[in-house]
Amino acid sequence: MIRSQDTPADILIVDDTPANLDVLSTMLTRHGYKVRPALSGALALKAAQSVPPDLILLDILMPGMDGYMVCEQLKGMESTRDIPVIFISALDDVRDKVKAFQSGGVDYITKPFQLREVLARIENHLTLDRLHKQVHTLSSLKDQMVRTVSHDLVVPLDIVRHCVQSVRSSESLQGDETARSQLETAYTAVDQMHRLVTGLLDLAKIESGLSLNLRTLTLAELLSDPLQAYRVPAEQKQVTLQFLPPPPVSVAVDPERIAQVLNNLLSNAVKYTPSGGTITVSARHEKGQVVLTVQDSGIGIPTTDLPRIFDRFHRVEDDAHLEIQGTGLGLSIAKAIIEQHRGRIWAESEAGQGTQIRVSLPVT
Ligand code: ADP
């Protein structure tokens, strides 16, 4: 929850020396904070779990559980993981400071401290934390909105696409060239919209951590359907589609999802390769990984675009690419799926020199 500006921040101070607790408590209360003192690590953990504070000031040297251990435990629990922890300690060695950050602290104040410094650091971290939560809230709101809008659009778009398609292929428009061409334009537009909306829905589904339906398949089994599906489109475009025999290894994958990746890569290869070109699909086995490659002799990707083609909506902005229909979502979906399989996807290309998209997956 985002703390309203009017509610005083709730600060938990942890120190085994009552005198230290008193000094900090008095000072922070005077500056308008709500303060809860804890005399040991165990008491601090209990207090933080029952009512999570906005920030914790944590001493390091305490008998029993020291500050590092307390911080690690806080970071290990869902309810206290995100509370900023500032260490306050007389230890001034750089190793102690590094250890404090490694255990999950956001800041370190050395004793004896200056009052104003402690206040400034507390305010700083409370602001950062507030902004962080706001960004998180906005981002999930945006994801939710994209999901809802896409979901509500997909059915009506499907209906419109279906109707336009059936009128388009009916005999009744024979001779009316204007109507035919307008229907053609309508179909292209609605089909593009449909792809965009289903792509966004797919991406949202995958990014929300959809569980994988894993099965163990040989590479030949994995590649056979997608290759079969692209034989005709490649032939129609007079592009040669060849498949080099893969090594006899198996991978544990969700076949439907990996087929979606391969379909995307093959669809791009066919789209961005002019007639007379060649697409080669190959696989090799190295260091516990299988590397699949879809190589084409097409229009290529300029070097400056290479790092961004896996970003959603990124399309190469030159005439050669933009005259071919696309949504800029296919490769971001492919990346999300491959990363869910603990694999990697990357591209090698140069403008005009063809493209190689490689996917690596762990071998079972
Ligand atoms: P799109 O639907 O636009 O093809 P993708 O996410 O699949 O979306 O690809 C992103 C962009 O990367 C494409 O718009 C295109 O500019 C470029 N691209 C992808 N694959 C290829 C390829 N094989 N050859 C040339 N350009 C490609």
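Residues numbered from 1 in each chain as written. Predicted model: local features only at pLDDT ≥ 70, side-chain atom pairs only at ≥ 80, totals over all residues. Heavy atoms only, no water.

**Student:** Got a minute to help me understand the sheet that holds strand S11 (residues 344-349) in this structure?
**Tutor:** Remark on secondary structure: sheet strands pair via backbone hydrogen bonds, oriented parallel or antiparallel. If you trace the 5 strands from one edge of the open sheet to the other, you get S7-S9-S10-S12-S11, paired in mixed fashion. Of all strands in the sheet, those bounded by a partner on one side alone are strand S7 (240-243) and S11. Across this sheet, the average inter-strand angle for adjacent strands is 15°, counted without regard to direction. Where helix H7 (residues 219-236) meets the sheet, it contacts S7, strand S9 (278-286) and strand S10 (289-296), and its direction lies at approximately 170° from that of S7. Helix H8 (residues 255-271) rests against S7, S9, S10, S11 and strand S12 (355-362) of the sheet, and its axis sits at about 25° to S10. (Pairing = 2+ DSSP bridges. Helix = DSSP H or I, 4+ residues; strand = E, 2+ residues; numbered from the N terminus. Axes fitted to C-alpha atoms, helices over the stretch in contact; angles between N-to-C directions. Contact = heavy atoms within 4.5 Å.)

**Student:** Can you walk me through the site of the ligand in this structure?
**Tutor:** Close to the ligand lie 18 residues; Asn268, Tyr272, Arg315, Thr327 and Leu331 are nearest. In the environment of the ligand, an oxygen atom lies 2.8 Å from a nitrogen or oxygen atom belonging to the side chain of Asn268. Contact between the ligand and Tyr272: an oxygen atom at 2.9 Å from a side-chain N or O atom of the residue. Protein coverage of the free-state accessible area of the ligand, which is 530 Å², stands at 97%. At the level of secondary structure, the elements contributing two or more residues to the shell around the ligand comprise H8 and helix H10 (330-340). (Near = heavy atom within 4 Å. Polar contact = N/O pair within 3.5 Å; in protein donor to acceptor, adjacent residues only side chain to side chain. Areas by Shrake-Rupley, 256 points an atom, 1.4 Å probe, with all protein chains shown as cover.)

**Student:** When you look at the environment of Ala47 in this model, what are you seeing that I'm missing?
**Tutor:** Position of Ala47 relative to the elements: it lies in helix H2 (residues 41-50). For the pair Ala47 and Asp202, spaced 155 residues apart in sequence, the C-alpha separation works out to 42 Å. Once you skip the residues sitting within four places of it in the chain, Ala47 turns out to touch Leu12 and Arg36.

**Student:** Explanation requested: the packing of helix H5 (residues 115-168) against helix H6 (residues 177-207) in the structure shown.
**Tutor:** The geometry of a pair of packed helices is captured by two quantities: the angle between their axes and the separation between those axes. At a minimum axis distance of 8 Å, the contact between H5 and H6 shows a crossing angle of 150°. In terms of axis orientation, H5 runs roughly antiparallel to H6. Of the two possible hands of crossing, H5 and H6 adopt the one that is left-handed. For the contact of H5 with H6, the residue count by class is 16 nonpolar, 5 polar and 7 charged. (Parallel < 35°, antiparallel > 145°, perpendicular 65-115°, else oblique. Left-handed = near helix turned anticlockwise from the far one by under 90°. Nonpolar A, V, L, I, M, F, W, Y, C, P; charged D, E, K, R; others polar.)

**Student:** Help me understand the sheet that holds strand S5 (residues 107-110), please; the structure alone is not making it clear to me.
**Tutor:** Spatially, the 5 strands line up as an open sheet ordered S2-S1-S3-S4-S5, and their pairing is parallel. Looking along the sheet, the strands with just one partner apiece sit at the ends: strand S2 (34-38) and S5. With direction set aside, neighbouring strand axes in the sheet form an average angle of 20°. Pairing of strand S4 (residues 85-89) with S5, which is carried by 4 bridges, proceeds in the parallel orientation. Within the sheet, the bridge partner assigned to Ile86 lies in S5 and is Asp107.

**Student:** Would you explain the pattern of salt bridges in this entry?
**Tutor:** Close approach of charged atoms allows side chains with opposite charge to pair. With the rule as written, the count across this model stands at 18 salt bridges. Where Arg95 meets Asp93, a salt bridge forms, and the shortest distance between an N and an O atom there is 3.3 Å. A relative accessible area of 32% means that Asp93 is categorised as partly exposed. With a shortest N-O distance of 3.0 Å, Asp191 and Arg195 are connected by a salt bridge. Here the residue Asp191 and the residue Arg195 both occupy positions in helix H6, the gap between them amounting to 4 residues, near one helical turn. (Salt bridge = Lys/Arg side-chain N within 4 Å of Asp/Glu carboxyl O. Buried < 20%, exposed > 50% of the residue type's maximum accessible area, 1.4 Å probe, protein only.)

**Student:** I tried to follow a nonpolar patch on the surface on my own but got confused; where do I start?
**Tutor:** On the surface, Met145, Val149 and Leu153 cluster together into a nonpolar patch covering about 280 Å² of accessible area. One can find Met145 in helix H5. Residue class for Met145 comes out exposed when judged on its relative accessible area of 57%. (Patch = residues over 30% accessible without salt bridge, like charges linked within 9 Å, V, L, I, M, F, W, Y side chains within 5 Å.)

**Student:** Honestly, the packing of helix H1 (residues 18-30) against H5 in this entry has me stumped. Any pointers?
**Tutor:** Running from N to C, H1 and H5 point in directions that differ by 60°, and their axes come no closer than 11 Å. The element H1 and its partner H5 pack so that their crossing is right-handed. Together, Leu24, Met27 and Leu28 of H1 and Leu115, Val118, Leu119 and Ile122 of H5 make up the contact between the two elements. Class assignment of the residues belonging to the contact of H1 with H5 gives a composition of 7 nonpolar, no polar and no charged.

**Student:** For this particular structure, what's the right way to read the side chain of Gln356?
**Tutor:** With respect to the secondary-structure elements, Gln356 resides in strand S12. Polar contacts involving the side chain of Gln356 include one to the side chain of Arg358, which spans 2.3 Å.

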